[in-house]
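Geometric and topological summary
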Amino acid sequence: MVCFTESLLFIHIPKNAGTSVTFFLSQKTKLTGYKQGSEHIRYNDLIKKLPKLKKLKSFCIVKNPFDRLTSIYRFTKRPFKLRKWFKSDYEKIQIKISTFESFLEFIEDYTLQDKFHPMLTWRNQHEWAEGVDHIFKFEKLHEVQLFLNNQGIEGKLTKMNISNDNNIGYRQYYTQRTKKKIENIFKEDLNKFNYQF
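Residues numbered from 1 in each chain as written. Predicted model: local features only at pLDDT ≥ 70, side-chain atom pairs only at ≥ 80, totals over all residues. Heavy atoms only, no water.

1. Some details on the nonpolar core
Applied cut-off: Within this scheme, the nonpolar core is defined by two criteria: the residues are buried Ala, Val, Leu, Ile, Met, Phe, Trp, Tyr or Cys, and they are joined through side-chain atoms within 4.5 Å. Residue exposure (1.4 Å probe, protein chains only): buried if accessible area is under 20% of the type maximum, exposed if over 50%, otherwise partly exposed. Numbering of helices and strands starts at the N terminus; helices are DSSP runs of H or I of at least 4 residues and strands are runs of E of at least 2. Should any heavy atoms of two residues lie within 4.5 Å, those residues are considered in contact.
L9, I11, L69, F100, F103 and Y174 are the most contacted members of the largest nonpolar core, which has 39 residues in total. Taken together, the elements giving at least two residues each to this core come down to β2 (8-11), α2 (43-49), β4 (57-62), α3 (65-76), α4 (79-86), α5 (90-96), α6 (100-112) and α7 (125-129). Discounting chain neighbours no more than four positions away, the residues touching F100 are L69, T70, Y73, Y173 and Y174. Within the second largest apolar cluster, 16 residues are counted, among which are C3, V21, L141 and L157.

2. Things to note about the pairing of β2
Short version of the rule: The pairing criterion is simple: DSSP has to find at least two bridges between the two strands.
Side-chain alternation along β2 places L8 and F10 on one buried face and L9 and I11 on a second face that is also buried. Relative to β4, β2 runs parallel, the two being bridged by four bridges. Directly across from I11, in β4, lies its bridge partner C60.

3. Here's the deal with the confidence of the model for the chain
Regions with low pLDDT carry predicted coordinates that are not meant to be interpreted in detail. Basically, it comes down to this: Confidence per residue, as judged by the predictor, is encoded in pLDDT with a range of 0 to 100.
When pLDDT is averaged across the chain, the result is 85; 85% of the residues are at 70 or more. Looking over the chain, one finds the lowest element-wise mean pLDDT in strand β3 (residues 33-35), namely 60, and the highest in strand β5 (residues 134-137), namely 98.

4. Focus: the pattern of salt bridges
Definition in use: For this analysis, a salt bridge means a side-chain nitrogen from Lys or Arg found within 4 Å of a carboxyl oxygen belonging to Asp or Glu.
Inspection of every chain in the model, using the stated rule, returns six salt bridges. Between D45 and R42 there is a salt bridge; the shortest N-O distance is 2.8 Å. According to the relative accessible area criterion, D45 is partly exposed, its value standing at 24%. Under the relative-accessibility criterion, R42 is labelled partly exposed at 25%. Close ionic contact of E183 with K179 constitutes a salt bridge, the shortest N to O distance being 3.0 Å. With a gap of four residues between them, E183 and K179 both fall in helix α9 (residues 176-185), about one helical turn apart. With relative accessibility at 23%, the residue E183 sits in the partly exposed group.

Here it is, written out as structure tokens:
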């Protein structure tokens, strides 16, 4: 998913406030380009396809991998999403991902089989962010707001696409086993963006 104005290029990393930023930009600016699809494209891949976009000031948002995975879990387990992705099998899948731990096992298996494309869950965020001019943290969204205001885009970001059970802290989802799994898979993100459990 890509969103750009005459001067800005936003790289949307899944489940990192991208819907909020895209909506804000669409309301406050004239979008010169917007492409939505199942593939959230990485910055470097986009620049290969559309080199003219390199001149734009690019930005993206990263999120603590532990928090991001629980957000993806809450997003994915919603019945209408399961129906969209898994069609008539959605009820079986719903049972398979009834817990966070079973969800992690399920998407790992599906990803290994190259079947689970909707969230590209196991991709490290630094892969999207490589080459991007400004990398912001989800935990400091006010900095995104300031950045956009400094670009002459006034207004306030509205949080969108939030799960109903978002009030449960991400740490409550983890066991020692699942914590270790995320530490191993997202080691580069944890180090590069200075995140901890």
